[in-house]
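Report on the structure
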Amino acid sequence: MKNNDEYIVNLIHDFVEGKLSEDESDSLWAHLIANPVDLEYMQTLATLKKMGHDGEFATLDKQFDHNIKTRILPFGSNRIFSGYIKHYLAAAAVLLVSMGILFNIFGDQVIQSEFSPIAMIEFEIERSAGETNDFEKVLNSAVSYSSAGDANLALDLLNSISTEALNPGEIMDIYMVKGSVYYNAGNYSEAIESFESVLKMDPGKLTLEKSYWYIANAQLQLGMENDARENIKKVIEIDGAFSRVAVIALEKL
């Protein structure tokens, strides 16, 4: 049978991976609040998960010293669970809030304490080779150049497109791609101008929402927090795909 240290470590890993039942989770919290060393260990796991190390928890025993010096009674002791479970759980919740590592149990994700603007905008205009026309091929080429780190070549290609024979939707595609190229290259003022050009063209709901959302993120990158708030509110009003993250962003700003 595993010793107590190994048992607690395995429980912590299972909790972070969302494998514990509600009762098992409650019991673990009661143990953690009474064992600062174990609580700190779980905080480390949470931090790694937040940094994008999902799926690596099973190998963490090779990276950490599992000889955790637990100074508490064996897990499940009557001294812990004899009428004091609610006290421990309440104290644990308060402590975890102060440490910034509260978990969304159902989503198995760490809730961040502050909102940061998106690092980059993903391109969404690429289509299968069999369906692309000449215009789409030019857009895809610009995307490829931008993804390869050559923003200037991507922008030169986009600026070379003649808009005379294009429909409004295609022109908006150019501005959306151009704004994304500018944003990903760190040229946030130019990105804002491109997305604002889209807003002047009476876009559909999805494009309208994206434009406001990307403008808000570019404004946050430039420290224009008040302007960003107003555009985030517009995203929330549209109530589309970005509304949920927009609500979180507004609360965190």
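Note that the structure is predicted; figures quoted are calculated from it, not measured.

1. Some details on the overall build of the protein chain
The secondary structure content of the protein chain amounts to 12 helices and two strands. For the protein chain, the α and β elements follow one another from N to C terminus as α-α-α-α-α-β-β-α-α-α-α-α-α-α. Long-range contacts, defined as pairs at least 24 residues apart, comprise 59% of the intrachain contacts of the protein chain with a sequence gap of at least 6. For the protein chain, the exposed surface amounts to about 14600 Å²; the carbon and sulfur share of it is 49%.

2. Structural notes on the side chain of Glu209
Examined against the element boundaries, Glu209 turns out to sit in helix α10 (residues 205–221). One buried charged residue, Glu209, remains without a salt bridge, the closest side chain of opposite sign being Lys205 at 7.0 Å. Here Gly240 takes part through its backbone nitrogen, which lies 3.3 Å from a polar atom of the side chain of Glu209. Residue contacts for Glu209: discarding those within four places in its chain leaves Val235, Ile238, Gly240, Ala241, Phe242 and Ser243.

3. Brief notes about the confidence of the model for the protein chain
Within the protein chain, residue pLDDT values average 74, and 65% of them lie at 70 or more. No element of the protein chain has a lower mean pLDDT than strand β2 (residues 109–110), which averages 38, and none a higher one than helix α9 (residues 188–199), which averages 97. Confidence over residues 53–113 falls short of pLDDT 50; this stretch has 99 contacts with residues more than four positions distant or in other chains.

4. A few points about the packing of aromatic side chains
Using the criterion set out here, one finds four aromatic pairs in the structure. Taking 5.1 Å as the distance between ring centres and 75 degrees as the angle between the ring planes, the aromatic pair formed by Tyr183 and Tyr188 counts as edge-to-face. Judged by relative accessible area, Tyr183 falls into the buried class, the value being 0%. With a centroid separation of 6.3 Å and 75 degrees between ring planes, the pair formed by Tyr214 and Phe242 is classed as edge-to-face.

5. Things to note about the side chain of Ser211
Positionally, Ser211 belongs in helix α10. Looking at Ser211, the relative accessible area reads 0%, which means it is buried. Residues contacting Ser211, with those up to four places away along its chain left out, are Met176, Phe195, Val198 and Leu199.

Calculation notes
Residues numbered from 1 in each chain as written. Predicted model: local features only at pLDDT ≥ 70, side-chain atom pairs only at ≥ 80, totals over all residues. Heavy atoms only, no water. Helix = DSSP H or I, 4+ residues; strand = E, 2+ residues; numbered from the N terminus. Contact = heavy atoms within 4.5 Å. Areas by Shrake-Rupley, 256 points an atom, 1.4 Å probe, with all protein chains shown as cover. Buried < 20%, exposed > 50% of the residue type's maximum accessible area, 1.4 Å probe, protein only. Lys, Arg positive; Asp, Glu negative; His and termini not counted. Salt bridge = Lys/Arg side-chain N within 4 Å of Asp/Glu carboxyl O. Polar contact = N/O pair within 3.5 Å; in protein donor to acceptor, adjacent residues only side chain to side chain. pLDDT = per-residue confidence, 0-100. Phe/Tyr/Trp six-rings, centres within 6.5 Å; stacked < 30°, edge-to-face > 60°.

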